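# Descriptive structure summary
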Amino acid sequence: MNRRTALGLMAAGGASAIIATRFAITRARATSKPAITVARFELPLKIPAVLEPTRKTATQDEYEIIQREAEQEILPGHPTRIWGYQGLYPGPTIRVRRGRTAVVRQANHLSTDTVVHLHGGRTPSDSDGFTTDMVAPGQERRYVYPNQQRACTLWYHDHAMDRTGENVYRGLAGFYLVEDEEELALPLPRGAFDVPLLLQDRRFAADGSLLYDTFGNTGIEGDVMLVNGVPWPRLAVSTRKYRFRILNGSNARPYRLALSNGNPFTLIGTDGGLLPGPIAVSTLPLAMAERADVVVDFSRVPVGTTLFLQNAREKPELRQLMRFDVVRRESDDAKIPSRLSDPGFLSRPTSATTRDWTFRASFSLRHGLSPIMWTINGLPFDPDRSDARVPLGEIELWRVRNDGRVFGRPHPVHVHLAHFQILERNGKPPPAHETGWKDTVALDPGEEALMMIRFEQFRGRYLFHCHNLEHEDHAMMSRFDVV
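Since the structure is predicted, the reported quantities are computational estimates derived from the model, not experimental observations. (Residues numbered from 1 in each chain as written. Predicted model: local features only at pLDDT ≥ 70, side-chain atom pairs only at ≥ 80, totals over all residues. Heavy atoms only, no water.)

Within the protein, the secondary structure is distributed over 5 helices and 31 strands. Whereas a compact globule of 483 residues would reach a radius of gyration of roughly 23 Å, the protein reaches 22 Å, a difference of no more than 12%. Its C-alpha atoms put the protein at 80 × 55 × 50 Å along the principal axes. Scored against the burial criterion, the 483 residues of the protein give a buried share of 58%. The contacts in the protein between residues at least 6 apart in sequence include a share of 77% that link residues at least 24 apart. Of the roughly 18,700 Å² of accessible surface on the protein, 50% is carried by carbon and sulfur atoms. Mean positive and mean negative side-chain charge positions of the protein (60 and 56 charges, respectively) differ by 3 Å. (Helix = DSSP H or I, 4+ residues; strand = E, 2+ residues; numbered from the N terminus. Rg over C-alpha atoms; globule rule 2.2 N^0.38 Å. Buried < 20%, exposed > 50% of the residue type's maximum accessible area, 1.4 Å probe, protein only. Contact = heavy atoms within 4.5 Å. Areas by Shrake-Rupley, 256 points an atom, 1.4 Å probe, with all protein chains shown as cover. Lys, Arg positive; Asp, Glu negative; His and termini not counted. Charge placed at Lys NZ, Arg CZ, Asp CG, Glu CD.)

This part covers the confidence of the model for the protein. Parts of the model with low pLDDT should not have their predicted coordinates read in detail. Here the protein averages 92 in pLDDT, and 92% of its residues register 70 or above. The low-confidence segment residues 1-19, where pLDDT is below 50, has 12 contacts with residues more than four positions distant or belonging to other chains. (pLDDT = per-residue confidence, 0-100.)

The subject of this paragraph is the nonpolar core. Phe244, Leu257 and Phe324 are the most contacted members of the largest nonpolar core, which totals 51 residues. Not counting chain neighbours up to four residues away, the residues in contact with Phe244 comprise Val195, Leu197, Leu235, Ala292, Asp293, Val294, Val296, Phe298 and Phe324. The next biggest cluster of nonpolar side chains, apart from the first, holds 30 residues, and it includes Ile376, Trp398, Val400 and Met451. (Core = buried A, V, L, I, M, F, W, Y, C linked by side-chain atoms within 4.5 Å.)

This next bit is on the sheet that holds strand 6 (residues 116-119). Pairing is mixed across the open sheet formed by 4 strands, whose spatial order is 4-9-8-6. Each edge of the sheet is formed by a strand with only one pairing partner; in this case those strands are strand 4 (94-97) and strand 6. Sheet twist, expressed as the mean angle between neighbouring strand axes with direction ignored, is 25°. Of the strand pairs in this sheet, strand 6 and strand 8 (residues 152-158) are connected by 4 bridges, and their pairing is antiparallel. Across the sheet, Val116 pairs through a bridge with Asp158, a residue of strand 8. (Pairing = 2+ DSSP bridges. Axes fitted to C-alpha atoms, helices over the stretch in contact; angles between N-to-C directions.)

Let's shift gears to the packing of aromatic side chains. Counted under the stated rule, the structure contains 20 aromatic pairs. Each ring, one from Phe193 and one from Tyr242, has its centre 5.3 Å from the other, and the planes form 80°; the classification is edge-to-face. Highlighted residues: Phe193 in the loop between helix 3 (181-184) and strand 10 (194-202) and Tyr242 in strand 14 (residues 241-248), separated in sequence by 49 residues. The residue whose ring lies beneath Arg40 is Trp232, and the NZ or CZ to ring-centre distance is 3.8 Å. Here the guanidinium or amino end of Arg170 rests over the ring plane of Trp83, the centre of that ring lying 5.4 Å away. (Phe/Tyr/Trp six-rings, centres within 6.5 Å; stacked < 30°, edge-to-face > 60°. Lys NZ or Arg CZ within 6 Å of the ring centre and 35° of its normal.)

Let us now look at the pattern of salt bridges. Throughout the structure, instances matching the rule amount to 45 salt bridges. As a salt-bridge pair, Arg355 and Glu396 come within 2.7 Å of each other at their nearest N and O atoms. Of this pair, Arg355 sits in strand 22 (residues 354-362) while Glu396 sits in strand 25 (residues 395-402); the two residues are 41 residues apart in sequence, bridging distant segments of the chain. The exposure class assigned to Glu396 is buried, which follows from its relative accessible area of 1%. (Salt bridge = Lys/Arg side-chain N within 4 Å of Asp/Glu carboxyl O.)

Let us look at the sheet that holds strand 28 (residues 440-443). Ordered in space as 24-31-30-26-28, the 5 strands form an open sheet in which the pairing is mixed. For this open sheet the edge positions go to strand 24 (389-390) and strand 28, each flanked by a neighbour on one side alone. Bridge analysis of strand 26 (residues 411-415) against strand 30 (residues 460-466) gives 3 bridges, and the strand direction is antiparallel. In the sheet register, His414 faces strand 30, and the bridge partner there is His465.

The next point concerns the environment of Met373. The topology assignment puts Met373 in strand 23 (residues 373-376). What makes Met373 partly exposed here is its relative accessible area of 25%. Spatially, the C-alpha atoms of Met373 and Asp473 are 9.2 Å apart, while their sequence positions differ by 100 residues. Beyond its immediate stretch of four places on either side in the chain, Met373 contacts Ala361, Ser362, Pro380, His474 and Ala475.

Shown next, in the form of C-alpha cells:
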C-alpha cells in the first residue's frame, strides 16, 4: 500500500464518518416531535374529483390542467400553501379508456420549472416527462398519451430535474386510471366502492406550512400521515366488498400494509394491471411509487366495528394510517372471480442481453459536510449520456442490485416506458405479490432482482431511477435509448 492509497483510505473513512454523523442528525430531526398536534380519525376521507375532458373527438379526449399555488386546509384550522394540478392536492383523477388517446395540456402558473411524467405509461419519448424537458413558469406543454396498454392504476407527477422531490412533496401528484373491456366485464366493486388511496407523509410548521428537507439527500420522512391529502382519515363502510387502489406516493417512506383485525387483503392487481387470479396476502409491502389493487371484504365484520389500515414497518405512533368504520349492513353483488385476466406474460428466451445495474451511495471530500450523492453503476446522472441502447421489441434481462454497504437505504427502481416481470429476487422466485406486471421493484439493502423486460411501441430517450425522490434528485438516475 503506497502513501497515496493510505491517505485516500483515511480520507474516505473520515468522509464516511462525517456523512454518517450528518445522517444521524437528520434522522433525529426526522423523528422529532411534530410542530402541530393533529386529532386522528376525525376527518372523513376525501376522494379526488375526476377531471372531465374539455373536448372529445372520435379517437381522443383532451384535458387542460393549470399547475398553480393554492391555499388548502390540510390540518384543521391551519391553511397550507400547496402546488397543485388545478390548485388541488392531490390533483384530479384522469380516467381514460384503453385505445383512446388522451391529450393533456399542462400550463405552469407556478414560480418553479416543472415536468410531468405519467408513471407506468407507455408514452412517446417527447411526452414521457424526461427530466430536462422543463416547462418554465408562464409556459405550457402538450402531453400525448396513446393509452395502448391494459387496464391499470397509474399516476402522474412532477419529474423536474433536481426538483422532483420538492415539487411532488408540495402537491404535484394525481391518479391516472386506464380502463379496458376485459376489466369492465368483471363483477368487481365499482363506483363508490372503487376507492383510490394515495399514501403520503408530510411535515408541517406550527403555522401549517409544509416543511421540506432532503435530510442530507437520504430522503424526507414526515410525522403526519396523509391519505388523499387528509391526515389520518376515517371512512364509513358497509358490510360488503370494497376495491382499494393503493399508491405509495411518499418521497422516501416504504410501507408494509396490514389490517388491524388480521384479515387478509385479496390482491387483484399490481403496477401493470390485473393478476391472472386473486391472491390472499396478510401483509403487503409497498415501496415508493408501487401500486397495489386490493379488495377488502367487510361482510363478516359486525356493524359498529372499527378497524385500521396499518403500516407494520412503523413504530406505534405512525403505524395506523386510516380507520374504517363499519356503519351499516348492505347487500353486495360484487364478486372476485377466480380468473381475472390474461396478462400476456413474456416467455423467458434461451438467450438474451443481460444488463447489470448497481445502486449505491457516493460522496466526495470536495463536498465537505455536503449531503450524499447517489449513483447507478458508480456514475451520477448525466442527461447527455446514454447508458444503454436497447433494441425495440427485444426481450432483455436486467439485474438490479442495492449495494447497501453504506447507509443501507431502500431503493425502489422504476423503469420508464415498459412494464416488466420479476423472475428472481435474491436468486429465488419472487413472492406472490410480485408475480404480476411491474414498473417499480423494491430493493432493500443487499437485495437484488432479475427482471425480464421488453420495450415496445416507441423509440427515443427514456429514464430509469430510484424512486426515493431525494435519491433521484441527487444523481440516482440513468438514461437509456430505445433504438
